[in-house]
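What follows is the residue order along each chain.
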Amino acid sequence: MAATQQVKRRATNQGAAVKEALAAEDTFRSAQDVYATLRANGEKIGLSTVYRHLQIFVDDGLADVIHKPDGESTYRLCGDASSTHHHHLVCRDCGKAVEIDGPAVETWADKVAAQNGFTDVNHTVEIFGVCAGCAA
């Protein structure tokens with residue numbers, strides 16, 4: 001996987017508010033959910049601004065994005081840009097997410113790419129299920 005170059009960005013109050021709202025829960029959340037939280041807290045911010053900041057966080061390696069089975073993009077703060085590549089186990093009921101390593105997936109992805117003459121590849125693997133708390 002190719003290293004991404006981080007762009008120096010100017011910190012803004014709106015960006016800080018989006019980051020704080022995203023960090024408030026340890027689940028993957030939609031942009032609309034983050035927007036609703038911000039508005040309920042009195043923030044004067046537009047939905048497009050929320051989307052823009054979430055994408056910046058993803059681009060900078062500060063957040064992960066997964067696409068739910070219905071196609072909706074959801075976001076979760078995942079440390080800093082130096083975090084290692086990882087995957088997620090996500091509860092379909094409550095949204096709880098667990099970061100998991102997948103060395104076998106990494107090996108398989110590299111092998112398949114090389115066999116097919118691909119370079120500079122990346123991938124995502126998300127596993128959806130029901131957590132122990134929701135299954136009880």
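Notes on the structure in this doc start here. Starting from 1, residues in each chain are numbered consecutively following that chain's sequence as written. Selection of residues for local features in this predicted model requires a pLDDT of at least 70, selection of side-chain atom pairs for listing and counting requires 80 or more, and totals for whole chains, interfaces and linings are taken over all residues. Heavy atoms throughout the structure, all of them, feed into the side-chain values; hydrogens and water do not.

1. Let's talk about the pairing of strand 3 (residues 73-77)
In this scheme, strands are said to pair when DSSP sees at least two bridges between them. For the purposes of this entry, the term helix denotes a DSSP run of H or I that reaches at least four residues, the term strand denotes a run of E that reaches at least two, and both are numbered from the N terminus. When strand 1 (residues 29-30) meets strand 3, the two strands line up antiparallel, connected through two bridges. Note on strand 3: the bridge partner recorded for Ser30 is Thr74. Here five bridges tie strand 2 (residues 63-67) to strand 3, and the two strands are oriented antiparallel to one another. Each residue of the ladder has a partner; that of Ile66, found in strand 3, is Thr74.

2. Points about a nonpolar patch on the surface
On the surface, Leu89, Val98 and Ile127 cluster together into a nonpolar patch covering about 220 Å² of accessible area. Relative to the elements of secondary structure, Ile127 occurs in strand 6 (residues 126-129). Residues enter patches when their relative accessible area tops 30% and they take part in no salt bridge; the joining distance is 9 Å for like charges and 5 Å for the nonpolar side chains Val, Leu, Ile, Met, Phe, Trp and Tyr. Only the protein chains shown count as cover for residues, with accessible areas throughout obtained via the Shrake-Rupley method and a probe of 1.4 Å. Salt bridge, as used here: a side-chain nitrogen of Lys or Arg that lies within 4 Å of a carboxyl oxygen of Asp or Glu.

3. Description of the nonpolar core
In plain words, nonpolar cores are sets of buried Ala, Val, Leu, Ile, Met, Phe, Trp, Tyr and Cys residues tied together by side-chain atoms within 4.5 Å. Three labels apply to residues, based on accessible area from a 1.4 Å probe with only protein chains included: buried if under 20% of the type maximum, exposed if over 50%, partly exposed otherwise in between. Core analysis: the largest hydrophobic core is formed by 14 residues, its most contacted members being Val18, Leu22, Val34, Leu38, Val50, Leu54 and Phe57. Elements represented by at least two residues in this core include exactly helix 1 (13-23), helix 2 (31-40) and helix 3 (47-59). The element contributing the most residues to this core is helix 1, with four residues. Contacts between residues were defined by any pair of non-hydrogen atoms, one from each residue, lying within 4.5 Å. With sequence-adjacent residues up to four places away left out, Val18 is seen in contact with Val34, Leu38, Ile45, Val50, His53, Leu54 and Phe57.

4. A word on the sheet that holds strand 4 (residues 87-91)
Taking strand neighbours across the sheet as the criterion, the three strands line up as 5-4-6 in an open arrangement whose pairing is mixed. The open sheet terminates on both sides in strands that have one partner only, identified here as strand 5 (97-100) and strand 6. Taking each pair of neighbouring strands and ignoring which way they run, the sheet shows an average axis angle of 20°. Relative to strand 6, strand 4 runs parallel, the two sharing four bridges. Bridge pairing in strand 6 links Cys91 to Gly129. Convention adopted: a line fitted to C-alpha atoms gives each axis, helices being fitted over their contacting stretch, and angles between N-to-C directions are expressed from 0 to 180 degrees.

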